[in-house]
Amino acid sequence: MKKDVVIIGAGIMGLTCAYFLQKNGRKVTIIDEGNITDSTSFGNAGLLSAFDKTPLSNPGVLLNTFKLMLKGQSPAILHPTLDPKICKWLLNFAINANSKRTKKTMMLFEKYGEISLDLYKQMIKEDNLDFDFHHTGMLSVFTENKTYEAKLKNYNYVDEDRFKILDKSDLSEYLPSANEKVKGAILFKKNAHFDSKRVMLELKRHLEESGAEFILNEKIKNINFKDKKVNYILSENKNFYEAEHFVLSTGYQTLLSDIRKKPLLMTPAKGYSITFEMPEVLKPKTSVLFNDLFIVMTPRRDNVRLTSKLEIGSVDKNVVKKQIDSIKKNFFEYNNKFEMKEEVHWSGFRPLTPNDIPLIGRDEEYNNLSYAMGLGWLGMTFAPALGNIICDLIVNDKQNAKSDDILLFSGFYQ
Ligand SMILES: Cc1cc2nc3c(=O)[nH]c(=O)nc-3n(C[C@H](O)[C@H](O)[C@H](O)COP(=O)(O)OP(=O)(O)OC[C@H]3O[C@@H](n4cnc5c(N)ncnc54)[C@H](O)[C@@H]3O)c2cc1C
């Protein structure tokens, strides 16, 4: 039987698309090759950090990364490769690392970050969803004098709603584990955090209870096109599915867009997380970004999560112990020693675009196909805003050109 909307990929992007489509009266089927327990949307830091956020491709990034590499603290790893796709991505990344682009991206981050935060709050309230959500700001901690002083120059005014420069006693209250090597810290008050695993499980539960169909352990391996439409999709288990509309939200994986011959300029960027229990008195008061180390520490109801690393040119899914050790070594350089109990190690891939702008919108040739891809390193932050935009295209049968949001915030038009 022909389905209404089929969403391929049940990460945060697929689930938020499903959420808004369902709210708008559409019947959704969500297909995933896994059992929805371990994707990137589960293992990330859970920061909702669109505010005062410098994009990844920024003017100082190449030089700063090189300096950290010399110190042995670089979170970025680039595996030598001749893959033309990665070379093209790197070239575009370097081109986008300019101040004009950075300024524009930061404004877009604020606009869509605000929309997303409001939508998350609405979801929590309307549907009684438990995301372990805290709108308590994000602490940016500096371990290098130079970057701290450069940042202070941008915040040499008072805006109590937006930020607070912490003194030593504030810092030990917010981050009790910090040691004397920390150079300074700024609390960016508009940011928030949640427990991403909880978010995924709550959304799935809610969608199922409201009538969404989940088909798990079903890898889609082909698409059939006919008369300028997707005719059906085919799974490895030889099942085929017809639908009014299809949404591709397959994270870093591009098998299906490659079949469509739609080259998506994004690359998998591997990251790690370490989730552990720690004494309540030592837990940070809110989420913490160790700015110069690219390490995030997120307090959650039952535990704490550290995330780090950005590895380009590898699609090895295994957790590499050397990287876990390196995260811990860098972290404890600026934190007093404590025991991490019940450690769980994880790795996964960010679908990274070279300008931090997602790849969303309708296919211009095959009208019943939409892309919800390229969420990058801030996918949890922007997912509800993006899910809502995709929903608007489908429900109102809107072409990309008629959607201001697509023209503003889709990498297809930037
Ligand atoms: C270490 C780390 C820390 C991060 N921290 C943050 C953070 O603090 N804040 C933030 O906003 N973002 C963060 N991110 C980024 C964020 O996690 C991602 O942007 C987001 O999870 C991507 O969601 P997605 O739905 O696009 O992809 P995914 O979560 O990868 O989901 C894609 C799904 O598609 C399925 N799939 C793929 N191909 C097929 C197929 N052919 N057939 C069927 N199913 C298929 C997969 O099984 C998967 O379940 C972090 C990422 C990492 C790695």
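What counts, and at which threshold
- Residues numbered from 1 in each chain as written.
- Predicted model: local features only at pLDDT ≥ 70, side-chain atom pairs only at ≥ 80, totals over all residues.
- Heavy atoms only, no water.
- Domains from an automatic or database assignment.
- Buried area = accessible area lost by both parts, 1.4 Å probe.
- Salt bridge = Lys/Arg side-chain N within 4 Å of Asp/Glu carboxyl O.
- Polar contact = N/O pair within 3.5 Å; in protein donor to acceptor, adjacent residues only side chain to side chain.
- Helix = DSSP H or I, 4+ residues; strand = E, 2+ residues; numbered from the N terminus.
- Nonpolar A, V, L, I, M, F, W, Y, C, P; charged D, E, K, R; others polar.
- Pairing = 2+ DSSP bridges.
- Near = heavy atom within 4 Å.
- Areas by Shrake-Rupley, 256 points an atom, 1.4 Å probe, with all protein chains shown as cover.
- Buried < 20%, exposed > 50% of the residue type's maximum accessible area, 1.4 Å probe, protein only.
- Lys, Arg positive; Asp, Glu negative; His and termini not counted.
- Contact = heavy atoms within 4.5 Å.
- Axes fitted to C-alpha atoms, helices over the stretch in contact; angles between N-to-C directions.
- Left-handed = near helix turned anticlockwise from the far one by under 90°.
- Parallel < 35°, antiparallel > 145°, perpendicular 65-115°, else oblique.

**A short note on the domain arrangement of the chain**
Argument step 1. Here the chain is partitioned into domain 1 (3-41 + 198-265 + 356-413) and domain 2 (54-98 + 131-192 + 267-351).
Argument step 2. Measuring from the centre of the C-alpha atoms in domain 1 to the corresponding centre in domain 2 gives 29 Å.
Argument step 3. Together, the buried faces of domain 1 and domain 2 total about 1,700 Å²; carbon and sulfur atoms form 63% of this surface.
Argument step 4. When residues of domain 1 are sorted by the area they lose upon contact with domain 2, Tyr252, Leu265 and Trp377 head the list and together hold 42% of the total.
Argument step 5. Connecting domain 1 to domain 2 are 1 salt bridge.
Argument step 6. With a shortest N-O distance of 3.2 Å, Asp302 and Arg198 are connected by a salt bridge.
Argument step 7. The interface formed by domain 1 and domain 2 includes 5 residue pairs in polar contact (both at pLDDT 80 or more).
Argument step 8. For the side of domain 1 that touches domain 2, the element with the most residues is helix α8 (residues 196-209), which contributes 4 residues.
Argument step 9. When its residues are assigned to classes, the side of domain 1 that touches domain 2 shows 7 nonpolar, 6 polar and 5 charged.

**Points about the sheet that holds strand β10 (residues 220-226)**
Paired through backbone hydrogen bonds, the strands of a sheet run either parallel or antiparallel to each other.
Argument step 1. In space, the 3 strands of this open sheet follow the order β10-β11-β12, with antiparallel pairing throughout. Each end of this open sheet is capped by a strand with a single partner; those strands are β10 and β12 (240-241).
Argument step 2. Across 6 bridges, β10 lies against strand β11 (residues 229-235) in antiparallel orientation. Its bridge partner being in β11, Asn224 is matched across the sheet by Tyr232.

**Let's talk about the site of the ligand**
Argument step 1. Taken together, 33 residues sit near the ligand, with Asp32, Ser41, Leu47, Gly376 and Thr381 positioned nearest.
Argument step 2. Interatomic distance of 3.0 Å between a backbone N/O atom of Ile220 and a nitrogen atom of the ligand.
Argument step 3. Separating an oxygen atom of the ligand from a backbone N or O atom of Leu378 is a distance of 3.3 Å.
Argument step 4. The protein chains hide 95% of the 1,000 Å² of surface that the ligand would expose on its own.
Argument step 5. Breaking the shell around the ligand down by element, the ones donating at least two residues are α1 (12-23), α2 (40-43), β14 (267-277), β18 (341-352) and α11 (379-395).

**Looking at the pairing of strand β7 (residues 184-188)**
Argument step 1. Extensive coverage of β7 is indicated by the burial of 5 of its 5 residues.
Argument step 2. Burial along β7 is two-sided: Gly184, Ile186 and Phe188 and Ala185 and Leu187, pointing in opposite directions, are all buried.
Argument step 3. Strand direction decides the pairing type here: strand β5 (residues 138-142) and β7, joined by 5 bridges, are antiparallel. When the sheet's bridge partners are listed, Phe142 is paired in β7 with Gly184.
Argument step 4. Sheet topology note: the strand β6 (residues 163-165)/β7 ladder contains 3 bridges and is antiparallel. The residue bridging Ile165 from the neighbouring strand is Ile186, located in β7.

**What about the side chain of Glu311?**
Argument step 1. Position of Glu311 relative to the elements: it lies in strand β17 (residues 304-312).
Argument step 2. Buried and without a salt bridge, Glu311 has Lys270 as its closest oppositely charged side chain, separated by 4.8 Å.
Argument step 3. Polar side-chain contacts of Glu311 include one of 2.8 Å to the side chain of His79.
Argument step 4. When residues no more than four places from it in sequence are discounted, the contact partners of Glu311 are Ile77, His79, Pro268, Ala269, Lys270, Tyr272 and Gln323.

**Structural notes on the packing of α1 against α8**
Argument step 1. With their axes 10 Å apart at the nearest point, α1 and α8 run at an angle of 35 degrees to one another. Between α1 and α8 the crossing geometry is left-handed. The residues of α8 that touch α1, namely those facing Ile12, Leu15, Thr16, Ala18, Tyr19 and Gln22, are Val199, Met200, Leu203, Lys204, His206 and Leu207.
Argument step 2. Looking at side-chain class alone, the contact of α1 with α8 contains 8 nonpolar, 3 polar and 1 charged residues.

**Some points on the packing of α1 against α11**
Argument step 1. Following both chains from N to C, one finds α1 and α11 inclined at 45 degrees, their axes separated by 8 Å at the closest point. One way to sum up the angle between α1 and α11 is to call them oblique. Considering how the two elements wind past one another, α1 and α11 form a crossing that is right-handed. Listed contacts from α11 to Ile12, Met13, Thr16, Cys17, Phe20 and Leu21 of α1 are Gly379, Met380, Ala383, Pro384, Leu386, Gly387, Asn388, Ile390, Cys391, Ile394 and Val395.

**Quick look at the environment of Gln323**
Argument step 1. Its location among the elements puts Gln323 in helix α10 (residues 321-332).
Argument step 2. Sequence spacing of Gln323 and Pro75 is 248 residues, and the spatial spacing of their C-alpha atoms is 9.3 Å.
Argument step 3. With residues near it in sequence (within four places) discarded, Gln323 still touches Ile77, Tyr272, Lys309 and Glu311.

**Some remarks on the sheet that holds strand β1 (residues 3-8)**
Argument step 1. Taking strand neighbours across the sheet as the criterion, the 6 strands line up as β9-β2-β1-β13-β20-β19 in an open arrangement whose pairing is mixed. Both edges of this open sheet fall to β9 (213-215) and β19 (359-362), since each of them pairs with a single strand only. Looking at each pair of strands side by side, their axes are set apart by 20 degrees on average, direction ignored.
Argument step 2. Where β19 and strand β20 (residues 369-373) come together, 4 bridges link them in antiparallel fashion. Across the sheet, the residue bridging to Gly361 is Tyr371, located in β20.
Argument step 3. α11 rests against β1, β13 (243-248), β19 and β20 of the sheet, and its axis sits at about 15 degrees to β19.

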